[in-house]
Each structure stands twice: as structure tokens, then as C-alpha cells.
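The residues making up each chain are set out below.
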Amino acid sequence: MSEPVEPSPSSGASRTRRSVLVAGAAGLAAAPLWAATPAAPALGAYAADRDGGSGGSGERSGDAADGVPLTPDRVLRILEDGNRRWVAGRLRHPHQTVARREQVAGAQHPLATVFSCIDSRVPPEIVFDRGVGDLFVVRTAAQTNDGLVQGAVEYGVEESLTPLLVVMGHQRCGAVSFAVETLNAGRDAPAHLQDVLDALRPAYEAAKGLPGDQVDNTVRAQIRLTVRQLEHDALLEPYERTGRARVVGAYYSLDTGVVDFCV
Ligand SMILES: [Zn+2]
């Protein structure tokens, strides 16, 4: 049976999906995929918001160096800068023009993968002031993880070499509140909400009995546990071990708009 072939956005060449996964999972000691892929996200593409704006710290044109791969630290600074603009009400809306749409139509090189909650008040592109082609975004209720989610996150690193994975929970998460209330009452949840409940049970158990607000403690436990799951992902681990990618936890405040990366 022939294997489906899909175009690779990172190399421009066609290759089988299986060959990509094998290269990532087994061949990373010598880092062939990363080193041989010239189209990894580069600092130059994000050094200035070319759609407009006067440039912010961490994205100054003086830092620009087309072709220089973005490191996890640099990407983190870019996201922090964008979040500061969001908090201060000084959004620059980078990469949200027709020109940008056309620029990335043929290939994408996102900065980061953000795995976050579905909550309508926490849209990653807005809270980090980014635009089209900048972020892979995976969203589930209370950023609950499963094999499909983990595969999506792996795709971002394996296919587009995104250097940073952000697991972002948030203040007063409704899904976590639902889970805490239901589990405290010893009830089951209807239909597939039971899947969400089951996925949140480890965080619920980890936070149970801690001083402070039980929902907030569970949100933070869920972030930490998910970070740990991704850090131990067999496909991602070699990237992390060699410093090419990093998983970070983040907590978003609905009240202030601040993303705290210190979770
Ligand atoms: Zn939520």
C-alpha cells in the first residue's frame, strides 16, 4: 500500500509523513532534521513588525538577522513583548495584512505552539499581539490533553520547528470550575464532558487540600502536569534536551491581561 505524501512546509520538498516522524523520533541524536532544514523560523522574520508599528523591545530591527534560527529564549521575549502591549492597550497587530496573508500562503514558520483553553476571553493571537502565520494554536477545555492534542503539538515541532511550546491556563477557568464542583460532589458528567472531567482528575487530585482557592490551585496544577506530559513526550524530548525547543507553563489573568510564564 502506498503511503500518502504531503508537502513539507519546512523544507519545500515532498516527503512521507512516516519518514518525518522516524527522523524526529530516532535520528535526533545527530539532529538531522533540524540542521538540514533551512526554513526554520528565523529571527529576521519577526525582527520588526513590517506591517506597521515602530518596533518594540525584543523585536527591534537592530536585532534582525535573517536566517538566524529563533531560540526558545528569543521567542519567549517576543511573546512577552506582545503581551505587554496587550496589557498596556498598545497593540500593534503585526502580521495582519493582506501582504502577510500572501507571504505565508505557500509556507508557514510559526514562532511557537500555544496550547490553551477554549475560553473566549483568552485568544492567544490577541493576548500575545501576533498575527497570521505566527502561532500554532491548540485549544481544548482547560487545555486538557490527549493523544490527538499531543500529536498536534508534536506536529508543530516536527514539521515547522517551533522552538517554544506554551501551555497556558487562565484565571477562573470555567471548565476547571465545573470539574472541581462535579468531583467535589462525587458526580459524573454527561456525555463527553466526562472525558474532560477524567482528564482533569489528576490536577484535581494534585490540588486537593492545598491552601487557597481550589479552582485556581487546580488550574495551576493542570498547567504544571501538562507541561510535564509534554516534556516527557518521546518525540519532543530530544529537541528539549538539546535546547532546540522548550515547554513552558503560563497563567493568564482575566483581570489584568498579564501572562505569567512562571507557573
Ligand atoms: Zn478555561
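The model shown is predicted, which means the values in this text are computed figures rather than measured ones.

A. Looking closely at the pairing of strand 5 (residues 164-170). In terms of burial, strand 5 is largely enclosed, as seven of its seven residues are buried. Here strand 5 shows two buried faces, one formed by Leu 164, Val 166, Met 168 and His 170 and the other by Leu 165, Val 167 and Gly 169. Judged from the five bridges that link them, strand 3 (residues 112-117) and strand 5 form a sheet pairing that is parallel. Across the sheet, Ala 112 pairs through a bridge with Leu 164, a residue of strand 5.

B. Broad picture of the packing of helix 9 (residues 193-207) against helix 10 (residues 214-231). Two numbers describe how helix 9 lies on helix 10: the axes approach to 8 Å, and their chain directions differ by 120°. Judged by the twist between their axes, the crossing of helix 9 over helix 10 is right-handed. On helix 10, the residues touching Ala 199, Leu 200, Pro 202, Ala 203, Tyr 204, Ala 206 and Ala 207 of helix 9 are Gln 214, Asn 217, Thr 218, Ala 221, Gln 222 and Leu 225. Classifying every residue of the contact of helix 9 with helix 10 by side-chain character gives nine nonpolar, four polar and no charged.

C. Focus on the confidence of the model for the protein. Confidence in the prediction for the protein averages 82 pLDDT; 75% of positions are at 70 or higher. Scored below 50 in pLDDT, residues 49-65 shows 36 contacts in the model against residues more than four places distant or in partner chains.

D. A look at the pattern of salt bridges. Applying the stated criterion across every chain, the model contains ten salt bridges. A salt bridge links Asp 255 to Arg 172; the shortest N-O distance between them is 2.7 Å. On the criterion of sequence distance, the pair formed by Asp 255 in the loop between strand 6 (246-252) and strand 7 (259-260) and Arg 172 in the loop between strand 5 and helix 8 (174-184) is long-range, its members being 83 residues apart. Of the charged contacts, one joins Arg 241 and Glu 237 as a salt bridge, the two residues approaching to 3.1 Å between their closest N and O atoms. One end of the pair is Arg 241 and the other is Glu 237, both in helix 11 (residues 237-241) and four residues apart, which spans about a single turn. What emerges from the salt-bridge pattern is a single network uniting Arg 100, Arg 130 and Asp 134.

E. Geometry of the sheet that holds strand 6. Reading across the sheet, the five strands line up as 4-3-5-6-7 and stay open at both edges, with mixed pairing between neighbours. The open sheet has two free edges, formed respectively by strand 4 (135-140) and strand 7, since each of these has just one partner strand. For strand 3 and strand 4, the ladder comprises six bridges, and the chain directions are parallel. Pairing of Thr 113 across the sheet is with Phe 136, part of strand 4. The sheet contacts of helix 10 involve strand 3, strand 5 and strand 6, and relative to strand 6 the element is tilted by about 165°.

F. Inspection of helix 4 (residues 72-88) at higher detail. Counted at 1.5 Å a residue, the expected span for helix 4 with its 17 residues is 24 Å, and the 24 Å between its end C-alpha atoms agrees. Taken together, the buried positions of helix 4 are Pro 72, Val 75, Leu 76, Ile 78, Leu 79, Asp 81, Gly 82, Asn 83 and Arg 85. Looking one or two places after helix 4, you find Gly 89, whose phi comes out positive at around 75°.

G. Spatial organisation of the nonpolar core. Counting residues in hydrophobic clusters, the biggest one holds 33 residues, and the most contacted among them are Val 153, Cys 173, Val 176, Val 219 and Leu 236. Secondary-structure elements contributing two or more residues to this core are strand 3, helix 7 (147-160), strand 5, helix 8, helix 9, helix 10 and strand 6. Apart from residues lying up to four places away in sequence, Val 153 is in contact with Thr 113, Val 138, Leu 165, Leu 230 and Leu 236. Core analysis: the second largest hydrophobic core is formed by 21 residues, Val 75, Leu 79, Leu 111 and Phe 261 among them.

H. Looking closely at the pairing of strand 6. In terms of burial, strand 6 is a largely internal element, six of the seven residues being buried. In this structure, strand 5 lies alongside strand 6, joined through seven bridges in parallel fashion. Following the sheet pairing, Val 166 is matched in strand 6 by Val 248. Pairing between strand 6 and strand 7: two bridges, direction antiparallel. From the neighbouring strand, Tyr 252 faces strand 7, where its bridge partner is Val 259. The loop that links strand 6 with its antiparallel partner strand 7 comprises six residues; one of these, Gly 257, has a positive phi angle of about 85°.

Cut-offs and rules
Residues numbered from 1 in each chain as written. Predicted model: local features only at pLDDT ≥ 70, side-chain atom pairs only at ≥ 80, totals over all residues. Heavy atoms only, no water. Buried < 20%, exposed > 50% of the residue type's maximum accessible area, 1.4 Å probe, protein only. Helix = DSSP H or I, 4+ residues; strand = E, 2+ residues; numbered from the N terminus. Pairing = 2+ DSSP bridges. Axes fitted to C-alpha atoms, helices over the stretch in contact; angles between N-to-C directions. Left-handed = near helix turned anticlockwise from the far one by under 90°. Contact = heavy atoms within 4.5 Å. Nonpolar A, V, L, I, M, F, W, Y, C, P; charged D, E, K, R; others polar. pLDDT = per-residue confidence, 0-100. Salt bridge = Lys/Arg side-chain N within 4 Å of Asp/Glu carboxyl O. Expected span 1.5 Å × (residues − 1). Core = buried A, V, L, I, M, F, W, Y, C linked by side-chain atoms within 4.5 Å.

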